[in-house]
Amino acid sequence: MVLANFLSNICSNLLWLLKACMFSIKRRDNENEGRSLTLTDLPEDVTIDILMRLPVKSLCCLECVSKTTLNIVGSPQFAALHTRRLFYSSSAVEVPQLMLLARYSNLQHCAINLQSLKYNGSSCSTKTNFADIVFMNDWYRYDVQFVFSNLFGISRRLSVNRELCYLVNPLRGEVLELPRSDVKAPNYNGYDPCIHDRYGMGFDHVSSTYKIVHISEYAYENSSDIAARVYAMGTRSWRPIQSVPLCHFSNKSVYAYGDRHWLVEGGKSHNNLIVSFDFRKDEFYWTHHPDLQASSSRNFWLDFHLLTLKGSLAIMDYCSYPEEYIKIWVLKNYDKKEWALDYIINMDTFVERPHGTLLKWGEWENGIFTIQSGVCYFVDLRHGSMKGVKLSPSIINYNLWGPEQYEQSIFSYTGSMVSLKNYGNLIEAARPGMWFLQ
Amino acid sequence: MSRVFKLKSSDNETFEVEEAAALLSETIKSSSSTEITVPNVKAEILGKVVEWCNKHAESEDTKDQLIKEWDAEFVSVDQHVLFKLITAADYLQIKELVDQLTQRVGDMIKAKTLKTVEMTYPTFNVEREVQEELKSLGF
């Protein structure tokens, strides 16, 4: 009895297997019969149309799924198309993410560590450790000059007239050294003038190229001078820019409407605070801003900040003395240059808030944030509230030093599909996620 | 006096379409004859495309709320029907229909990738379950 059942089971299984085989043979014969269409069966321009509508997060997932999608989504042409859509279509604004940058230094080396930070409204936690970059035998100075989408521009001062600039793409684990922008100071008469350098990155949607602008300020005994150059990613050298406004560029710059905007000081009057760089024409221009209703005793340099809020340019006034408020003007209409005072937040009631100056503000999903002494302050612009969250100390990943002092800062970044390997020889990582730069 | 076009599916079924609806297709517009065979598209799918064209030909204002709701219902079909519709609409070059269908596919992909927490690249691993879900879309 049992044997009969056993045999009949085998028979029915075999029969099923046979049917399955025949079915699959039949399927192969009749292409359009019963087979389900897959995305890769669609005409390529339709597939690209679909992919272009997706946010970066979805595209990242797709890159991992199959070779076909990797080839489409990972190509530089697609990245440029997608970037262009990100910056020129109002429907495609990416949600800003947070990057925690911890800077370590001892007397010999210094290093930066990049980790993603998540804020859920009540607490902060670090998620992925993206990169550790160690500057060997160089404790001197480096600065994060800009963040453009997910690219961090880091300048490193080697000596008075020599500087290196690196592009770091933490999401893809890429570090690229840019060609040097060494240029002798104008009116160089044998001694080195004091120099300030600023870099800014943007995307020229007409030629579909990424560009970086470099501004050098020279201070002589009785005068000052300024020069600028622009570099198109993938080319060999920097090109000089003829006309540069003579003023002092701060390190506060943001990217909006296809141009990069700096907060500057020393313009023709107190009312000229924003200089912008147009990446299509490779030209500087002044951006008009509203009357910021601040007395001349205020320090524009320290109290005012440039931001982007959901793709729009904004100016923030952080006043902690004598009154305590935050005011934010937003550029509502780019073509007509119309600003509106969108937010006035009274800080009297806030228990925890940052004090003093030297704050850098950035944008998070629902508002703005800053960091001071290991505490991150999030302002939720929907409710006009502020919350201070203590950050846990960054964990030191490598034993090049003991528990030396480190500094934490937070940057806002958004996703993009760009891959730096298409623009030059990447610096090889010593091991995944870790670079040693000489 | 509007012309009547005849669209023939790959399984030899013929659909009669009024001029206004038929001319929504660039392919038909630039064709010299009023009888067009649509290769590789079966009657079931061609029928739906004709239905869409008829609906859009009769409505004056495409921004009408009712039409939008009808469109939303129209694209809420099974994945494999969706892809077949796209292929047909693409062949017939009906731009607005292709737009609506591709937007729908994009939304489906977005929904499947909602679960990922981080923007990760090939260097890191995307969550297993998200990969599986995407594979079901036929990547």
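Everything below is about the structure printed above this text.
Remember, predicted model here, so these are calculated numbers, not experimental data.

Caption draft 1: Focus on the overall build of chain B. Broken down by element type, chain B carries seven helices and three strands. Walking chain B from its N terminus toward its C terminus, one meets helices and strands in the order β-β-α-α-β-α-α-α-α-α. When each of the 139 residues of chain B is scored for burial, the buried share is 44%. Contacts in chain B between residues far apart in sequence, at least 24 positions, make up 59% of those at least 6 positions apart. Here chain B has roughly 7,500 Å² of accessible surface; of this, 48% comes from carbon and sulfur atoms.

Caption draft 2: Summary view of unusual backbone geometry. Residue and element names in this part refer to chain A. Phi is positive for Y257, close to 55°, though the residue is something other than glycine. Position of Y257 relative to the elements: it lies in the loop between β12 (248–256) and β13 (259–265). Residues other than glycine seldom take positive phi values, yet D282 does so here, at roughly 55°. In this structure D282 comes out as buried when scored by relative accessible area, which is 11%.

Caption draft 3: Local environment of the interface of chain A and chain B. Contact with chain A, which involves 43 residues of that partner, is made by 34 residues of chain B. For the pair chain A and chain B, the summed buried area comes to about 3,500 Å², and 67% of that belongs to carbon and sulfur atoms. Seen at the junction of chain A and chain B, the total is one salt bridge. For the pair chain A and chain B, the interface holds three residue pairs in polar contact (both at pLDDT 80 or more). Mapped by element, the contributors of at least two residues to the side of chain A that touches chain B are α2 (44–52), α3 (56–65), α4 (67–73), β2 (110–119) and β3 (124–135) of chain A. Across the side of chain A that touches chain B, the residue classes tally to 19 nonpolar, 15 polar and nine charged.

Caption draft 4: Structural view of the sheet that holds strand β20 (residues 362–364) of chain A. Residues and elements named next belong to chain A. Here we have four strands laid out as an open sheet, ordered β20-β21-β22-β23, and antiparallel in their pairing. Among the strands making up the open sheet, the edge pair consists of β20 and β23 (385–390). Strand-to-strand twist of the sheet, defined as the mean angle between neighbouring strand axes without regard to direction, takes the value 30°. Both strand β22 (residues 375–380) and β23 contribute to a ladder of six bridges, which runs antiparallel. Each bridged residue has a counterpart across the sheet, and for C376 the counterpart in β23 is V389.

Caption draft 5: Highlighting the pattern of salt bridges. All names here are of chain A. Counted by the stated rule, this structure contains 13 salt bridges over all chains. With a closest N to O distance of 2.6 Å, R239 and D282 form a salt bridge. Of this pair, R239 sits in strand β11 (residues 239–241) while D282 sits in the loop between β14 (274–278) and β15 (283–287), and the two are 43 residues apart along the sequence. Note on R239: relative accessible area 43%, which makes it partly exposed.

Caption draft 6: Representation of the sheet that holds β12(A). All names here are of chain A. Taken together, four strands build an open sheet; the order of strands is β12-β13-β14-β15 and the sheet is antiparallel. Two strands lie at the open edges of the sheet, namely β12 and β15, each paired on one side alone. Strand-to-strand, the axes of this sheet are offset by a mean angle of 30°, without reference to chain direction.

Caption draft 7: Structural detail: the side chain of A:D278. All names here are of chain A. Within the element layout of this structure, D278 appears in strand β14. A distance of 2.8 Å separates a polar atom in the side chain of D278 from the backbone nitrogen of R280. Once residues lying within four places of it in the same chain are set aside, the contact partners of D278 are D259, E283 and Y285.

Caption draft 8: Expanded view of the packing of α3(A) against helix α7 (residues 128–136) of chain B. Two elements in contact, α3(A) and α7(B), have axes whose closest approach is 10 Å; the angle formed by their N-to-C orientations is 80°. It follows that α3(A) is roughly perpendicular to α7(B) by the angle criterion. Residue-level contacts link A:C61, A:L62, A:C64 and A:V65 of α3(A) to B:V130, B:Q131, B:L134 and B:K135 of α7(B). By residue class, the composition of the contact of α3(A) with α7(B) is six nonpolar, one polar and one charged.

Rules of the game
- Residue positions within a chain follow its written sequence, with the count starting from 1.
- As they are written, the chains are lettered A onward and the ligands numbered 1 onward, keeping that order.
- Only residues with pLDDT of at least 70 get local features here, since the model is predicted, and only at 80 or more are side-chain atom pairs given and counted; chain-wide, interface and lining totals rely on the full set of residues.
- Side-chain descriptors were evaluated using all non-hydrogen atoms of the structure, hydrogens and water having been removed beforehand.
- Note on conventions: DSSP H or I runs of at least 4 residues are helices, E runs of at least 2 residues are strands, and numbering of each starts at the N terminus.
- Any residue under 20% of the maximum accessible area for its type is buried, any over 50% is exposed, and the rest in between are partly exposed; the area is computed with a 1.4 Å probe on protein chains only.
- Contacts were defined at the residue level, with two residues in contact if any of their heavy atoms lie within 4.5 Å.
- Only the protein chains shown count as cover for residues, and the accessible areas themselves come from Shrake-Rupley with a 1.4 Å probe.
- Accessible surface is computed with a 1.4 Å probe, and the buried area is the amount of it that two parts give up when combined, taken over both parts together.
- For salt bridges, the criterion is a side-chain nitrogen of Lys or Arg within 4 Å of an Asp or Glu carboxyl oxygen.
- By the criterion applied in these results, polar contacts are pairs of N or O atoms within 3.5 Å in which, for protein atoms, one can donate a hydrogen and the other can accept it, and in which residues neighboring in sequence qualify only through two side-chain atoms.
- Three residue categories are used. Nonpolar comprises Ala, Val, Leu, Ile, Met, Phe, Trp, Tyr, Cys and Pro, charged comprises Asp, Glu, Lys and Arg, and polar comprises the others, including Gly.
- In this analysis, strands are considered paired if DSSP registers two or more bridges between them.
- For helices, the fitted line uses only the C-alpha atoms of the stretch in contact; every axis is such a line through C-alpha atoms, and the angle between N-to-C directions lies from 0 to 180 degrees.
- What sets the label is the angle itself: under 35 degrees gives roughly parallel, over 145 gives roughly antiparallel, 65 to 115 gives roughly perpendicular, and the rest give oblique.

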